[in-house]
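# Inside the fold
Letter by letter, the chains look like this.
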Amino acid sequence: MAAPTHMSRFPARKNMFKKKIHQAKDKGVKDDTHDGRVGRLDEHTMGYYRRVADTIKDAFQDEAEQGLFLDNVFDQMEGEQVQLCRNQTVSRILEELLCLARPSHLRRFLSGILGEFEVVVRDRFAGHVVQKALLQTAKSLDDGEEGAELQEKVLSMADLLLADLNAVMMDTYGNHILRTMLQVLGGVRVPDQVARSRLSREQQDKETSKETKQLLKKVPEKMQLSLKKITNTLLSAENFNEYLLHRTSGPVLEVLLLVLQQSHPALCHRVGQAILKKSKVMSKNPAQPDKRVPVVFTDSVGSHLFEVVIEVVSSEAFSEVYSQCFGNYLLEMALHPVANFVLQKLIKRSAREEEFSEMFDKLSANLEAILGVNHMGVVLRLAESCVHHPTKQRAFLQGLLSAFHCWEPRERQSSCVLLIAGMVTHEVFFPGSKEDEEQDTKLKPGLTEVNLHGSLLLQQLLKFHHCGPVIAGFMALRDDDLTTVACSPSGSYLLEAFVTSSVVSEKKKDRFVAQLQTNCFKIACHKTGSRSIEAIFKAASLKTKTALVQVLSEKDKQLQSDHFGKFVYRNCAVGLYKLRPQDWEELQGRESKKRKLFAEIIGEGEDRASKKKRRQLEGDAGQPLSSYSDEMLALGMTVKEKEIGESDEDDDIDDIFGKISKPAVKPSVSPQNKSSKRRRSASTHDEKDKPDTGHGQSSDKEEKTHSKARKSKKKLHKKEREKICPDN
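Residues numbered from 1 in each chain as written. Predicted model: local features only at pLDDT ≥ 70, side-chain atom pairs only at ≥ 80, totals over all residues. Heavy atoms only, no water.

Per an unreviewed UniProt entry, the protein goes by Nucleolar protein 9 and derives from Patiria miniata.

See the structure below:
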């Protein structure tokens, strides 16, 4: 290959030590310099593309400079695309280059690839470049004449894949190009978990896509026809049943199903039916069912394929598919190490279907056996589905507690949280005789760690309408157990779920948080416990917040100097509470008011109809909360209230928004006057809308009095700040 003639910063003659330096830099292609290595490039070419990569990282001053740079690089690349793609280092550089390429550049690149496409499709490194080129091409298919030319290149590549479809399906590297081609032809981007291999996802630094996305708003007819040709060719293949369990062709069928679900539902149904028939999972004789789980459910490849089949099957056909393919093997699948993942997808899919009732009855009676093989995913999916079926919640809770041996006698139910959080039965957690169980609680064993699945399961149970034993279990936790839960990564989310649950009464939440006060300081100085304290503080009532901060303020210096405790000190405003408790209480009131305002703006707590009715009642003269939406967006939806003592202002939320829009509203009444606050909340009209009651003068006097009181209060606060913080 001829060496590049421009952009070279090195002389034509190279010293040996320079050659070794370049080889050391190119660790990923240390074999590229060996004679006979596929994709070997000379040192001049390698140095050129290294400088190209450096230029891309340095960015460009404007689009004109970028366009000139790309033109030069693609001119230099002309006729050498295939050999460049087969080099490991240069292939990665080309992927970055294609992200910046224009339609004309993509057209020239694809033209060079098509000349030796049979070589590229089976190359380890070139396949990644082709996939990137196809995805970038999909973004430019609507670009006039250039888009039409790119469409022809894509269709030509699709024809080449179709001509040797069986070999491409079975090829380790070619099947990835086919997966990308199916997505481009269907105009749909499937999740990376299906489209890419596990190794590729692990090597990718960026976050992977987990949802199906739309690539093209309108897919051209020629591309739709090409997708149908590939699908029909696959369906007519003699060895179609081999595709189901093959490690390379199975994922291709998964991508095909997800693409057709969005673009051609009828064709997707055909492919799904073909997979069910060829896999031989449909029961031939329902009267005498075979209890052996089909091989395709127990295979590591086929199980993934059937998870996608369950996902794409229509609601009309789901009942038939369930009864003929899954109904006879539910318990066997739940106990199998591979087939249980297919069952989890089936439970999740049937959560809102009529078949869930039958499925639940078969599985709930064997929860202990399922837990015995540690298939927590199946139990967790049942709990999630029971949230949508209140009639099944009591039966599930009884079956679950029976599996942990704490349903009967009734006294054992209070220990259910400890048992589920630790994922152990009652006999394991409380070893010894029955008399030992009634011994002093101080001598009983404690919780050592919180299991992840146990925490997730308890979080779902807290969503049940009837979860009395679970709530009683939380209330029965000892101080040491609470500390263990709060300082555990899994347990911190469990405590947050309890204090934010709508099922638990406010009185019980306050009692529960009061139990934390014993070890509150210890928890606040823990890496995970500090987050637990902040979450509990945010959801607690004002009375509970005051009690919690009062305990923390007793050791405020130690809390402030601790690496993790300082966050609790700041977010709970412990310093402000110790200096001025009344101002701290006002601050918490404003924070609570602000959170309610945010909830109403984003639609939590009220539906649209109630919002509209409320705005009509407030009238034109009032200040509906939704009028602050523009200001909220301007503030980035995060208006932070500064603490007194750290800020020069002590504004409430109306003052904050008034600085931006300055709405014509009456001065706010001092929060200390409770009677005035009730009057203001009882009426939302201006003075001109109020009926003449003969008390206008009295109202004006009260407003002036409150305004003077507010100004004097601010002056007093300012003097106090100067005494405490003279530098400010």
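Turning our eyes to something else, we now look at the overall build of the protein. Secondary structure summary: the protein contains 46 helices and two strands in total. Evaluated residue by residue, the protein yields a buried proportion of 46% over its 728 residues. Across the protein, the fraction of contacts at a sequence separation of at least 24, relative to all contacts at a separation of at least 6, is 72%. Accessible area of the protein: about 39,200 Å², with a carbon and sulfur share of 49%. (Helix = DSSP H or I, 4+ residues; strand = E, 2+ residues; numbered from the N terminus. Buried < 20%, exposed > 50% of the residue type's maximum accessible area, 1.4 Å probe, protein only. Contact = heavy atoms within 4.5 Å. Areas by Shrake-Rupley, 256 points an atom, 1.4 Å probe, with all protein chains shown as cover.)

Between its first and last C-alpha, helix 6 (residues 103-114) extends 16 Å over 12 residues, near the 16 Å set by a 1.5 Å rise per residue. Elements that come into contact with the buried residues of helix 6 comprise helix 3 (63-77), helix 4 (81-85), helix 5 (88-98), helix 7 (117-120), helix 8 (126-138) and helix 9 (144-163). (Expected span 1.5 Å × (residues − 1).)

The next point concerns the packing of helix 11 (residues 174-186) against helix 16 (residues 249-263). Taken N-terminus to C-terminus, the directions of helix 11 and helix 16 make an angle of 0 degrees; their axes are 9 Å apart at the nearest point. Considered as vectors, helix 11 and helix 16 are oriented roughly parallel to each other. Mapping the contact onto sequence places N175, L178, R179, L182, Q183 and G186 in helix 11 and P251, V252, V255, L256, V259 and S263 in helix 16. Taken together, the residues that form the contact of helix 11 with helix 16 break down as seven nonpolar, four polar and one charged. (Axes fitted to C-alpha atoms, helices over the stretch in contact; angles between N-to-C directions. Parallel < 35°, antiparallel > 145°, perpendicular 65-115°, else oblique. Nonpolar A, V, L, I, M, F, W, Y, C, P; charged D, E, K, R; others polar.)

Residue E408 is joined to P409 through a cis peptide bond whose omega torsion reads -5 degrees. Within the secondary structure layout, P409 lies in the loop between helix 26 (393-403) and helix 27 (416-422). In this model, K280 sits at a positive phi of 60 degrees, which is unusual for a non-glycine residue. Tracing the backbone shows K280 in the loop between helix 17 (265-279) and helix 18 (295-298). Here K280 falls in the exposed class, since its relative accessible area comes to 72%.

Glancing now at the pattern of salt bridges. Counted according to the given criterion, the structure contains 17 salt bridges. With its nearest N and O atoms 2.9 Å apart, the salt bridge here joins R107 to E149. Placement of R107 in helix 6 and of E149 in helix 9 is noted, with a sequence separation of 42 residues between them. Looking at R107, the relative accessible area reads 25%, which means it is partly exposed. Across the salt bridge formed by K392 and D361, the nearest N and O atoms sit 3.6 Å from each other. With a gap of 31 residues between them, K392 in the loop between helix 25 (376-386) and helix 26 and D361 in helix 23 (residues 355-364) connect regions that are remote in the sequence. D361 sits in the partly exposed class, given a relative accessible area of 44%. If you follow the salt bridges from partner to partner, you end up with D75, E78 and R108 in one network. (Salt bridge = Lys/Arg side-chain N within 4 Å of Asp/Glu carboxyl O.)

As a further point, take the nonpolar core. Among the nonpolar cores identified, the biggest contains 181 residues, and L97, F109, F297, F326, F396 and L400 are the most heavily contacted of them. Top element by residues in this core is helix 16. It accounts for eight residues. Here F326 is in contact with F297, F306, I310, V321, M333, V342 and L346, once residues within four sequence places are set aside. (Core = buried A, V, L, I, M, F, W, Y, C linked by side-chain atoms within 4.5 Å.)

With respect to the element layout, Q460 can be found in helix 30 (residues 452-461). You can call Q460 buried: its relative accessible area is 13%. Excluding residues within four positions of it along the chain, Q460 makes contact with L380, A383, E384 and V387.

The next thing to look at is the environment of L98. Tracing the backbone shows L98 in helix 5. With 34 residues separating them along the chain, L98 and K132 place their C-alpha atoms 7.2 Å apart. Not counting residues within four places of it along the chain, the set of residues in contact with L98 comprises F74, L106, F109, V129, K132, A133 and Q136.

Turning our attention to the confidence of the model for the protein. Per-residue pLDDT for the protein has a mean of 77; in total, 72% of the residues score no lower than 70. Considering each helix and strand of the protein separately, the mean pLDDT is smallest for helix 1 (residues 16-25), with a value of 35, and largest for helix 30, with 95. Low pLDDT, under 50, characterises residues 1-36; the predicted model gives this stretch 53 contacts beyond four residues in sequence or across chains. (pLDDT = per-residue confidence, 0-100.)

Here we come to the packing of helix 16 against helix 19 (residues 302-312). Axis separation between helix 16 and helix 19 bottoms out at 9 Å; the angle between their running directions is 10 degrees. With respect to helix 19, the element helix 16 is oriented roughly parallel. Every residue of helix 19 that contacts helix 16 at G250, L253, E254, L257, L258 and Q261 is listed here: H304, L305, V308, V309, E311 and V312. Here the residues of the contact of helix 16 with helix 19 are counted per class, giving seven nonpolar, three polar and two charged.

Under the counting rule described, the total for this entry stands at 14 aromatic pairs. Judged by centre distance (6.1 Å) and plane angle (75 degrees), the ring pair of F240 and Y243 falls under edge-to-face. Residue F240 and its partner Y243 are located together in helix 15 (residues 240-243), separated by three residues, close to a single helical turn. Residue F240 is classed as buried on the basis of its relative accessible area of 1%. Following the ring pairs from residue to residue traces out a cluster consisting of F297, F306 and F326. Geometry around Y493 places R531 over its ring, the cationic atom sitting 4.1 Å from the centre. (Phe/Tyr/Trp six-rings, centres within 6.5 Å; stacked < 30°, edge-to-face > 60°. Lys NZ or Arg CZ within 6 Å of the ring centre and 35° of its normal.)

We now examine the environment of L559. Its place among the elements puts L559 in helix 38 (residues 556-561). For L559, a relative accessible area of 0% translates into the label buried. As for L559 and C525, which are separated by 34 residues in sequence, their C-alpha atoms are 6.9 Å apart. For L559, the contacting residues outside a window of four places in its chain are F521, A524, C525, L552, G565, K566, Y569 and V574.

Turning to the environment of L110, a few remarks are in order. In this structure, L110 sits in helix 6. For L110, a relative accessible area of 1% gives the class buried. For the pair L110 and A133, spaced 23 residues apart in sequence, the C-alpha to C-alpha distance is 7.7 Å. Other than its neighbours up to four places away in sequence, L110 contacts A133, T137, L150, K153 and M157.

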